[in-house]
Amino acid sequence: MKTWTVLDLVEWTENYFRESGIIATPRLDAEVLLGFVLQKSRLQLYLSFEMPVFPDHLSVFRQLVQRRKEHTPVSYLTNHREFMSIDFYVDSRVLIPRPETEILVEYVLDRTSTHGPISLVDIGTGSGAIAVSLAFNRPEWYIVATDISIDALAVAKTNATRHQTQIEFRSGDMLSTLESVDDKFDWIVSNPPYISSQDYKILPPDVRNFEPKLALASPPDGLQLIRILIESAPNYLKPNGRLAIEIGKGQRLDVEDFVHRSKKYQKIDFIPDLSGVARILVVQV
Ligand SMILES: C[S@@+](CC[C@H](N)C(=O)[O-])C[C@H]1O[C@@H](n2cnc3c(N)ncnc32)[C@H](O)[C@@H]1O
């Protein structure tokens, strides 16, 4: 029987993924999955290319490769996703945190480096990516994280505990969960679902068939929850408090219109992503 080495497996799997239509990052996917099975980082994997892989590991790896071939996201197979250099537990109950959301977190950290303790709420926390990475970097802040999905909150709590952060979790619809909080907040942040019904239908299968629809879609036009946040956030913000929301490509003009119509904000900014597209709205009351 053939003895498979690490390099054999990586090369075979890369080709197999390519032929099966897993074309975005077939080599990376193969390396991450094999590293996961062998409990090695990618660097360690490179240093072990000639190492034989034994049948037990081979059989686990084969199962993961089959599930990846059926488009299961790698992060759901490994239950890991790095966000803001922090290792998050993820599974199919939550959206896999995306790099563009790091722009929002970095912006908030950057704008608050010289301030004292701050109160902040993260609406639609999902895996806790935003709330946990902020709490990790700013342990003195008072942070509330909410979600309408009880399942998502369970994952966020796992991540908060894993990284020893103090966060108050609340379940419920958008800002209604803040009714019983006495104080107002310095910041409200959110990465809400913002995909229209039309765009939802053409999402790649890795996303549409695996990530929670509740975390992605905001029918019908993708703008419903963004509009609610813009309209109601001022009721929960301190004077000069800020609202920062991730928005989708092409939503800038509509979002600008909501802000102007609300007549409740004195400043409006859009933070671009690396390709220059406005991805984060920041408004100040
Ligand atoms: C795009 S995901 C963001 C998850 C996480 N904050 C991140 O950036 O990776 C949106 C989250 O909002 C939650 N959500 C959807 N509708 C909601 C609503 N009406 N009220 C509160 N949370 C909601 C979903 O369950 C999901 O966890």
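Preceding this section is the structure that the text describes.
Residues numbered from 1 in each chain as written. Predicted model: local features only at pLDDT ≥ 70, side-chain atom pairs only at ≥ 80, totals over all residues. Heavy atoms only, no water.

Taken together, the neighbourhood of the ligand is formed by 19 residues, with Gly 124, Asp 147, Asp 173, Met 174 and Asn 191 sitting nearest. Backbone polar atom of Gly 124 to a nitrogen atom of the ligand: 2.9 Å apart, as the coordinates give it. At a separation of 3.5 Å, an oxygen atom of the ligand approaches a polar backbone atom of Gly 126. About the coverage of the ligand: the protein hides 96% of its 600 Å² of free accessible area. Here the shell around the ligand is built from residues that sort into ten nonpolar, seven polar and two charged. (Near = heavy atom within 4 Å. Polar contact = N/O pair within 3.5 Å; in protein donor to acceptor, adjacent residues only side chain to side chain. Areas by Shrake-Rupley, 256 points an atom, 1.4 Å probe, with all protein chains shown as cover. Nonpolar A, V, L, I, M, F, W, Y, C, P; charged D, E, K, R; others polar.)

Counted residue by residue, strand β6 (residues 185-190) has five buried out of six residues, so it is predominantly covered. By the bridge criterion, four bridges tie strand β3 (residues 119-123) to β6 in an arrangement that is parallel. Within β6, the position partnered with Leu 120 by the bridge is Trp 187. One ladder, built from five bridges, connects β6 with strand β7 (residues 237-246); its direction is parallel. When the sheet's bridge partners are listed, Val 189 is paired in β7 with Ala 244. (Buried < 20%, exposed > 50% of the residue type's maximum accessible area, 1.4 Å probe, protein only. Helix = DSSP H or I, 4+ residues; strand = E, 2+ residues; numbered from the N terminus. Pairing = 2+ DSSP bridges.)

This brings us to the pairing of strand β9 (residues 278-284). With seven of seven residues buried, β9 lies mostly within the body of the structure. Here β7 pairs with β9 via five bridges, running antiparallel. Each bridged residue has a counterpart across the sheet, and for Ile 245 the counterpart in β9 is Leu 281. For strand β8 (residues 267-272) and β9, the ladder comprises six bridges, and the chain directions are antiparallel. By the bridge assignment for β9, Lys 267 is matched with Gln 284. Linkage of β8 to β9, two consecutive antiparallel strands, is achieved through a turn of five residues, within which Gly 276 is found at a positive phi near 85 degrees.

Attention now moves to the nonpolar core. Judged by nonpolar contacts, the single largest core of 37 residues is most densely connected at Leu 178, Ile 188, Ile 230, Leu 243 and Leu 281. Mapped onto this core, the elements with two or more residues apiece are β3, β6, α12 (224-232), β7, α13 (252-262) and β9. Ranked by the residues each element gives to this core, the list is headed by α12, at four residues. Not counting the four nearest positions on each side in its chain, Ile 188 is found in contact with Val 121, Ile 123, Leu 175, Ala 233, Tyr 236, Leu 237, Arg 242, Leu 243 and Ala 244. In this structure, Phe 88, Ala 156, Phe 169 and Trp 187 belong to the second largest nonpolar core, which totals 32 residues. (Core = buried A, V, L, I, M, F, W, Y, C linked by side-chain atoms within 4.5 Å. Contact = heavy atoms within 4.5 Å.)

Ordered by their spatial adjacency, seven strands build an open sheet running β5-β4-β3-β6-β7-β9-β8, and the pairing between neighbours is mixed. Of all the strands in the sheet, the pair left with one neighbour each is β5 (168-171) and β8. Adjacent strand axes in the sheet meet at a mean angle of 15 degrees, parallel and antiparallel pairs treated alike. Across the sheet, helix α8 (residues 150-162) is in contact with β4 (142-147) and β5; its angle to β5 comes to roughly 175 degrees. Across the sheet, α13 touches β8 and β9, and the angle it forms with β8 is around 160 degrees. (Axes fitted to C-alpha atoms, helices over the stretch in contact; angles between N-to-C directions.)

A word on the side chain of Arg 279. Mapped onto the elements, Arg 279 comes out in strand β9. Side chain to side chain, Arg 279 and Tyr 194 meet in a polar contact 2.6 Å long. Only 3.5 Å separates the side chain of Arg 279 from the side chain of Glu 246, close enough to count as a polar contact. In this view, Arg 279 contacts Glu 100, Tyr 194, Ile 245, Glu 246, Ile 247, Gly 248, Lys 249, Ile 271, Pro 272 and Asp 273; residues no more than four positions away in its chain are not counted.

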